[in-house]
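# Results of the structural survey
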Amino acid sequence: MAKADAAVLAFVGPRLRALRKERGTTLTQLAETTGISVSTLSRLESGERRPTLELLLPLARAYQVPLDELVGAPPVGDPRVRLKPIKHAGMTVVPLTQHAGGLMAWKMVIGATRQEPDPRTHEGYEWLYVLSGKLRLVLAEHDVILKSGEAAEFDTRVPHWFGSTGDAPVEVLSLFGPQGERMHVRAKPRGT
């Protein structure tokens with residue numbers, strides 16, 4: 001057991017005793033409420049018995065406190081995810097997946113100045129969903145405008161380019177699989 005964990009557990013007994021005294025509850029009353037024997041509760045409070053989840057959960061319910069508060073767990077770090085945007089070729093790209101390789105997700109904000117097609121090819125398969133604005137997609141001989149709420153999927157071995165229509169920036173969600181993974185499975189229609 002790590003020293004930090006042992007230190008947290010060492011303070012559980014005194015915390016349990018203080019909480020019981022604060023509430024004006026006897027060991028007998030607490031035993032009736034939790035179903036834990038008086039002797040086990042006494043040994044928990046004195047530190048002679050190591051606290052386990054099976055013992056702490058009924059105590060947390062009886063005292064109506066979160067388990068973290070009951071054991072005095074150290075606070076967790078900031079839960080916010082701080083994604084690092086990458087600026088490149090008139091776009092701000094935010095990686096939404098943390099791993100390299102395999103299926104990857106990106107949010108892209110494409111500036112209004114990125115409007116000159118320069119089709120490229122590479123291995124993979126891409127799925128684009130327009131969050132806001134208008135996206136111009138050049139895919140082989142097709143030149144289409146996608147609006148907010150519309151999506152496109154294509155094999156990236158086909159010459160392709162996408163950017164703004166020039167009116168305003170466009171926000172896009174992109175899923176890309178470098179080995180050509182499909183983004184979703186099409187279901188066959190149900191028979192009637």
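Structural data are supplied above this passage.
Notes on the structure follow. The model shown is predicted, which means the values in this text are computed figures rather than measured ones.

Among the residues of helix α4 (residues 38-46), Thr 40, Leu 41, Leu 44 and Glu 45 are the ones counted as buried. End-on, the buried residues of α4 take up no more than an arc of 135°, which puts them together on one face. At the C-terminal side of α4, Gly 47 shows a positive phi close to 90°.

With that settled, consider the packing of helix α3 (residues 27-34) against α4. Between α3 and α4, whose axes approach to 9 Å, the crossing angle comes to 110°. Comparing the axis directions of α3 and α4 gives the class roughly perpendicular. Handedness of the α3/α4 crossing: right-handed. For the pair α3 and α4, contact is made by Leu 27, Thr 28, Leu 30, Ala 31 and Thr 34 and by Val 38, Leu 41, Ser 42 and Glu 45, respectively. Here the residues of the contact of α3 with α4 sort into five nonpolar, three polar and one charged.

Now for the nonpolar core. In terms of nonpolar packing, the biggest core is built from 17 residues, with Leu 16, Leu 41, Leu 59, Tyr 63 and Leu 70 touching the most fellow members. Secondary structure elements with two or more residues in this core: α2 (12-23), α3, α4, α5 (53-63) and α6 (67-71). The element best represented in this core is α5, accounting for five residues. In contact with Leu 16, not counting residues within four places along its chain, are Leu 44, Glu 45, Leu 59, Tyr 63 and Leu 70.

Right, let's get into the packing of α3 against α5. It is at 9 Å that the axes of α3 and α5 come closest, and there the two elements cross at 105°. Judged by the angle between their axes, α3 and α5 are roughly perpendicular. In contact with Leu 30, Thr 33 and Thr 34 of α3, α5 contributes Pro 58, Leu 59, Ala 62 and Tyr 63. Partitioned by chemical class, the residues of the contact of α3 with α5 number five nonpolar, two polar and no charged.

A few words on the packing of aromatic side chains. Following the criterion strictly, the structure yields one aromatic pair and no others. Residues Trp 127 and Tyr 129 carry aromatic rings whose centres are separated by 6.0 Å and whose planes lie at 10° to one another, so their mutual orientation is stacked.

Thresholds applied
Residues numbered from 1 in each chain as written. Predicted model: local features only at pLDDT ≥ 70, side-chain atom pairs only at ≥ 80, totals over all residues. Heavy atoms only, no water. Buried < 20%, exposed > 50% of the residue type's maximum accessible area, 1.4 Å probe, protein only. Helix = DSSP H or I, 4+ residues; strand = E, 2+ residues; numbered from the N terminus. Arc of directions from axis to C-beta. Axes fitted to C-alpha atoms, helices over the stretch in contact; angles between N-to-C directions. Parallel < 35°, antiparallel > 145°, perpendicular 65-115°, else oblique. Left-handed = near helix turned anticlockwise from the far one by under 90°. Contact = heavy atoms within 4.5 Å. Nonpolar A, V, L, I, M, F, W, Y, C, P; charged D, E, K, R; others polar. Core = buried A, V, L, I, M, F, W, Y, C linked by side-chain atoms within 4.5 Å. Phe/Tyr/Trp six-rings, centres within 6.5 Å; stacked < 30°, edge-to-face > 60°.

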